Amino acid sequence: MKNPSKRSVLDKLFKYVVIILSITALAPLFLIIASIIINGGKTLLEAGIGFLYDLPPSPLSTSIGGIGPSLVGTLLLAAITIVVGLPLAFFTAVLAVEYPDSIIGRLVGVLTRSFVEIPTILIGVLIYTLMVVPMGRFSALAGAIALAIVALPYMYTYIERALSSIPWTYREAAYGLGLDKFKALIHVFVGITRRGIVAGILIGLAKASGETAPLLFTIGGSKYTYFRGLDQPIDAIPLLIYEFAQTPYEIYHRVAWGAALVLLSIYLALFITLRAFVKRVEL
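Residues numbered from 1 in each chain as written. Predicted model: local features only at pLDDT ≥ 70, side-chain atom pairs only at ≥ 80, totals over all residues. Heavy atoms only, no water.

**Digging into the overall build of the chain**
Part 1 of the reasoning: In terms of regular secondary structure, the chain is built from 11 helices and zero strands.
Part 2 of the reasoning: Moving toward the C terminus, one meets the helices and strands of the chain in the order α-α-α-α-α-α-α-α-α-α-α.
Part 3 of the reasoning: Dimensions of the chain, computed from C-alpha atoms along their principal axes, come out at roughly 70 × 70 × 30 Å.
Part 4 of the reasoning: Every one of the 283 residues in the chain was classed for burial, and the buried ones make up 41%.
Part 5 of the reasoning: Looking at the chain alone, contacts between residues at least 24 apart form 71% of all its contacts between residues at least 6 apart.
Part 6 of the reasoning: Carbon and sulfur atoms make up 70% of the accessible area of the chain, which amounts to about 15700 Å² in all.
Part 7 of the reasoning: Averaging the coordinates of the 22 positive side-chain charges in the chain and doing the same for the 15 negative ones gives two points 11 Å apart. (Helix = DSSP H or I, 4+ residues; strand = E, 2+ residues; numbered from the N terminus. Buried < 20%, exposed > 50% of the residue type's maximum accessible area, 1.4 Å probe, protein only. Contact = heavy atoms within 4.5 Å. Areas by Shrake-Rupley, 256 points an atom, 1.4 Å probe, with all protein chains shown as cover. Lys, Arg positive; Asp, Glu negative; His and termini not counted. Charge placed at Lys NZ, Arg CZ, Asp CG, Glu CD.)

**A few points about the side chain of threonine 218**
Part 1 of the reasoning: Here threonine 218 shows up in the loop between α9 (213-216) and α10 (237-245).
Part 2 of the reasoning: In terms of polar contacts, threonine 218 uses its side chain to reach the backbone carbonyl oxygen of proline 214, at 2.8 Å.
Part 3 of the reasoning: Discounting residues that sit within four places of it in the chain, threonine 218 has contacts with Gly124, Ile127, Val132, Phe138, Ser139, Ala142, Gly143 and Ala146. (Polar contact = N/O pair within 3.5 Å; in protein donor to acceptor, adjacent residues only side chain to side chain.)

**Concerning the packing of aromatic side chains**
Two measures describe an aromatic ring pair: the distance that separates the ring centres and the angle between the ring planes.
Part 1 of the reasoning: What the rule picks out here adds up to five aromatic pairs.
Part 2 of the reasoning: Ring plane angle 70° and centroid distance 6.5 Å describe the contact between tyrosine 128 and phenylalanine 217, whose orientation is recorded as edge-to-face. Of the two residues, tyrosine 128 is situated in helix α4 (residues 120-135) and phenylalanine 217 in the loop between α9 and α10; the sequence distance between them amounts to 89 residues.
Part 3 of the reasoning: Here phenylalanine 217 falls in the partly exposed class, since its relative accessible area comes to 26%. (Phe/Tyr/Trp six-rings, centres within 6.5 Å; stacked < 30°, edge-to-face > 60°.)

**Concerning the nonpolar core**
Part 1 of the reasoning: In terms of nonpolar packing, the biggest core is built from 30 residues, with Leu77, Ile159, Leu163 and Ile219 touching the most fellow members.
Part 2 of the reasoning: Among the elements of the structure, α2 (68-98), α5 (140-164), α7 (181-192) and α8 (194-209) are those that each provide at least two residues to this core.
Part 3 of the reasoning: Top element by residues in this core is α5. It accounts for nine residues.
Part 4 of the reasoning: Counting residues in each nonpolar core, the second largest holds 19 residues, with Ile237, Phe244, Ala256 and Val262 among its members. (Core = buried A, V, L, I, M, F, W, Y, C linked by side-chain atoms within 4.5 Å.)

**Description of the packing of α2 against α5**
Part 1 of the reasoning: One way to put it is that α2 packs onto α5 with a least axis distance of 6 Å and a crossing angle of 40°. Of the possible angle classes, the one that applies to α2 and α5 is oblique. Handedness of the crossing formed by α2 with α5: right-handed.
Part 2 of the reasoning: Looking at the contact of α2 with α5 residue by residue, the classes come out as 21 nonpolar, five polar and one charged. (Axes fitted to C-alpha atoms, helices over the stretch in contact; angles between N-to-C directions. Parallel < 35°, antiparallel > 145°, perpendicular 65-115°, else oblique. Left-handed = near helix turned anticlockwise from the far one by under 90°. Nonpolar A, V, L, I, M, F, W, Y, C, P; charged D, E, K, R; others polar.)

**Some remarks on the environment of glycine 204**
Part 1 of the reasoning: Its place among the elements puts glycine 204 in helix α8.
Part 2 of the reasoning: Excluding anything up to four places from it in sequence, glycine 204 contacts Ala151, Tyr154 and Met155.

**A look at the UniProt feature "transmembrane region" (unreviewed entry) in the chain**
Part 1 of the reasoning: Following the UniProt record, the feature "transmembrane region" (unreviewed entry) maps to residues 16-38, 75-98, 110-132, 138-156, 184-206 and 255-278 here.
Part 2 of the reasoning: With 100% helix and 0% strand, residues 16-38 has end C-alpha atoms that lie 30 Å from one another.
Part 3 of the reasoning: The distance separating the terminal C-alpha atoms of residues 110-132 is 28 Å; by composition the span is 78% helix and 0% strand. (UniProt positions renumbered as here; feature names shortened; annotations may be inferred.)

**Regarding empty space enclosed by the protein**
Part 1 of the reasoning: Applying the stated criterion to the full structure yields two cavities of 30 Å³ or more.
Part 2 of the reasoning: Approximately 80 Å³ is the volume attributed to the largest cavity.
Part 3 of the reasoning: Lining the largest cavity are Thr74, Leu77, Ala78, Thr81, Leu147, Leu205, Ala208, Ser209, Glu211, Leu215, Ala236 and Pro238.
Part 4 of the reasoning: Of all the elements in the fold, those that place two or more residues in the lining of the largest cavity are α2 and α8.
Part 5 of the reasoning: Element by element, the count of residues in the lining of the largest cavity is highest for α2, at four residues. (1 Å grid on protein atoms, 1.4 Å probe; cavity = no way out; pocket = protein on both sides within 12 Å on 5 of 7 lines; lining within 4 Å. Points joined across faces, edges and corners; volume = space filled by probe spheres on them.)

**What about the environment of alanine 144?**
Part 1 of the reasoning: Tracing the backbone through its elements, the reader meets alanine 144 in helix α5.
Part 2 of the reasoning: Here the alpha-carbon distance between alanine 144 and isoleucine 118, two residues 26 residues apart in the chain, equals 17 Å.
Part 3 of the reasoning: Those residues in contact with alanine 144 that sit more than four places away from it in its chain are Leu77, Ile80 and Thr81.

**Section: the side chain of threonine 92**
Part 1 of the reasoning: You can see threonine 92 is positioned in helix α2.
Part 2 of the reasoning: With near-sequence residues (within four places) excluded, threonine 92 lies in contact with Val108, Thr112 and Tyr156.

**What about α4?**
Part 1 of the reasoning: In this model, α4 (16 residues) spans 21 Å end to end at C-alpha, consistent with the 22 Å of a helix rising 1.5 Å per residue.
Part 2 of the reasoning: Along α4, the largest kink reaches about 45° and is centred on tyrosine 128.
Part 3 of the reasoning: Residues of α4 that are buried include every one of Thr120, Ile123, Gly124, Ile127, Met131 and Val132, and no others.
Part 4 of the reasoning: The inward-facing, buried residues of α4 contact α5 and α9.
Part 5 of the reasoning: Positive phi appears at glycine 136, one or two residues downstream of α4, with a value of about 80°. (Expected span 1.5 Å × (residues − 1). Bend = angle between axes of the 7 residues up to and from the residue.)

As structure tokens, this is what we get:
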């Protein structure tokens, strides 16, 4: 039998090792967040609320300006992404859950999950080939479809899990009342799984909202004009950050830091909303 005091020392040592390794793993994340808050906070304090609706500055400007068109573009792309991606994810999940033994149901589930492994830049190239080139221009619609493909596997996974978790007794009760599969789905199952559906929407939206690669080939980056239509170029905060950070102009770097803080705030808002709908979220 081991010495109790020796076992206690080993338990404490293991605990401290786990704590140290956890802090080490999280340190880069905290450093990134801290740098965004410090540098982006300086920009927002100087620019004020106008940073959210003003146009970006010129390279030699003394005024910081703002990210108005990029912020509006990000919000519009997010809305269109949900409109396009949610029905695809929902009915794909329904197909996989309601017809799990069919070849199509199994194939759809495997292919949808495999989208997670595809580099998002390839999705941008695909949409560029299928939409941008035939249309002859970049567009908000092309960007939203690219982001919907990025968000699709995340939405699908959460919705599929939610539908699969419905107890069979509920299904028997719904079918016993004379409801067919479609009516049972709309009137019963959606209400039961609404938390999982909302979680899927928010997770997919959070993933898509921070993507830059698909937008490089689809939206055109119209930073100095507001939304003019789904078939016209648009801008987004991730694309603005990517392009401004590469320039040699200090004023653009400051705008990029401020935009990064705004994007971080959007992420935090999404996850706070997520926690309000679900008690536990597995990331």
